[in-house]
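# Structure at a glance
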Amino acid sequence: MRCPYCGNDDTQVKDSRPTEDSSAIRRRRICNACGGRFTTFERVQLRELTVIKKSGRKVPFDREKLARSVYTALRKRSVEPERIERMISGVVRQLESLGEVEITSDQIGEFVMDGLKGLDDVAFVRFASVYKNFSAADDFRSFLAKLHDEDGDASRADDD
């Protein structure tokens, strides 16, 4: 593993342990050249996924990019990091279990919206506003009205 401080390839693992949800292995490393310490995470990857963007361009799936967009939606919201990581891991598992090597950015967006809906309402609306490209306040009103109607339908179904 290359040192992020000096670029040296000679680093040593000092400590390894599973993350709290056991979805990855956390490794503490030290650089033998500069003495810098850093942490890496090792995750199981079932298959190499390729994302088909709306423009038709194909790019490798990047879990970190997915995590950044989720964390941006959840910025300044009081949601435990473990719950966020579980949601992100769940989205990745859903994508990998589709059985397809190529997935669309729309599929990713829908899975993330489903995950955020159960995590935090404000983050859900924030993400939706970017994902669905809201351009005016009316877009928010329409989206929230539709969401309210769906919630009403769901609660009426629960009453039956």
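Read on for an overview of the structure. This structure is a prediction, so every number in the text was calculated from the model and none was measured.

The rules we used
- Residues numbered from 1 in each chain as written.
- Predicted model: local features only at pLDDT ≥ 70, side-chain atom pairs only at ≥ 80, totals over all residues.
- Heavy atoms only, no water.
- Axes fitted to C-alpha atoms, helices over the stretch in contact; angles between N-to-C directions.
- Helix = DSSP H or I, 4+ residues; strand = E, 2+ residues; numbered from the N terminus.
- Parallel < 35°, antiparallel > 145°, perpendicular 65-115°, else oblique.
- Left-handed = near helix turned anticlockwise from the far one by under 90°.
- Contact = heavy atoms within 4.5 Å.
- Nonpolar A, V, L, I, M, F, W, Y, C, P; charged D, E, K, R; others polar.
- Pairing = 2+ DSSP bridges.
- Phe/Tyr/Trp six-rings, centres within 6.5 Å; stacked < 30°, edge-to-face > 60°.
- Buried < 20%, exposed > 50% of the residue type's maximum accessible area, 1.4 Å probe, protein only.
- Core = buried A, V, L, I, M, F, W, Y, C linked by side-chain atoms within 4.5 Å.

## Focus: the packing of helix α3 (residues 105–117) against helix α4 (residues 121–131)
The description of two packed helices rests on the angle between their axes and on the distance between the axes. For the pair α3 and α4, the least separation of the axes is 8 Å and the interaxial angle reads 160°. Here α3 is positioned roughly antiparallel relative to α4, judged by the angle of their axes. Crossing geometry of α3 relative to α4 is assigned as left-handed. Residues S105, D106, G109, E110, V112, M113, L116 and K117 of α3 touch α4, and the partners they reach there are D121, A123, F124, F127, A128 and Y131. Per-class residue counts for the contact of α3 with α4 are eight nonpolar, two polar and four charged.

## Things to note about the sheet that holds strand β1 (residues 11–18)
Taken together, the three strands give an open sheet; going across it, the order is β1-β2-β3, and neighbouring strands pair in antiparallel fashion. Of all strands in the sheet, those bounded by a partner on one side alone are β1 and β3 (37–43). Taken over all neighbouring pairs, the strand axes of this sheet differ in orientation by 25° on average, direction set aside. Sheet topology places strand β2 (residues 24–31) next to β3; seven bridges connect them, and they run antiparallel. Counted as the bridge partner of I25 is E42 from β3.

## Quick word on the packing of aromatic side chains
Each aromatic ring pair is summarised here by two numbers: the centre-to-centre distance and the angle between the ring planes. Inspection of the entire model under this criterion finds four aromatic pairs. Their ring planes at 40° and their centres at 5.6 Å tell us that F124 and F143 sit as a pair that is tilted. In this pair, F124 is assigned in helix α4 and F143 in helix α5 (residues 137–159), connecting sequence segments 19 residues apart. For the residue pair F124 and F143, the accessibility class agrees, reading buried in each case. Ring centres of F134 and F140 lie 4.9 Å apart, and the angle between their planes is 85°; on these two criteria the pair is classed as edge-to-face. Exposure remark for F134: the relative accessible area of 17% places this residue in the buried category.

## Quick look at the pairing of β2
Taken together, the seven bridges between β1 and β2 define a ladder with antiparallel strand orientation. Each residue of the ladder has a partner; that of T11, found in β2, is C31. Joining the antiparallel neighbours β1 and β2 is a turn of five residues, in which S22 adopts a positive phi near 60°. Here β2 hands over to β3 after five residues, with G35 in that stretch at a positive phi of 80°.

## Focus: the nonpolar core
The biggest cluster of nonpolar side chains holds 31 residues, and the ones touching the most others in it are F61, L66, V70 and L116. When near neighbours in sequence (up to four residues on either side) are disregarded, V70 contacts I84, M87, I88, V112 and L116.

## Describing the sheet that holds strand β6 (residues 102–104)
Spatial ordering of the open sheet is given by β5-β4-β6, a layout of three strands whose pairing is mixed. Because the sheet does not close on itself, it has two edges, and the strands there are β5 (58–60) and β6. The sheet shows a mean angle of 35° between the axes of neighbouring strands, taken without regard to direction. As paired strands, strand β4 (residues 50–52) and β6 are joined by three bridges and run parallel to one another. Counterpart to V51 in the pairing with β6 is I103. Relative to β6, α3 is tilted by about 65°, and along the sheet it contacts β4 and β6.

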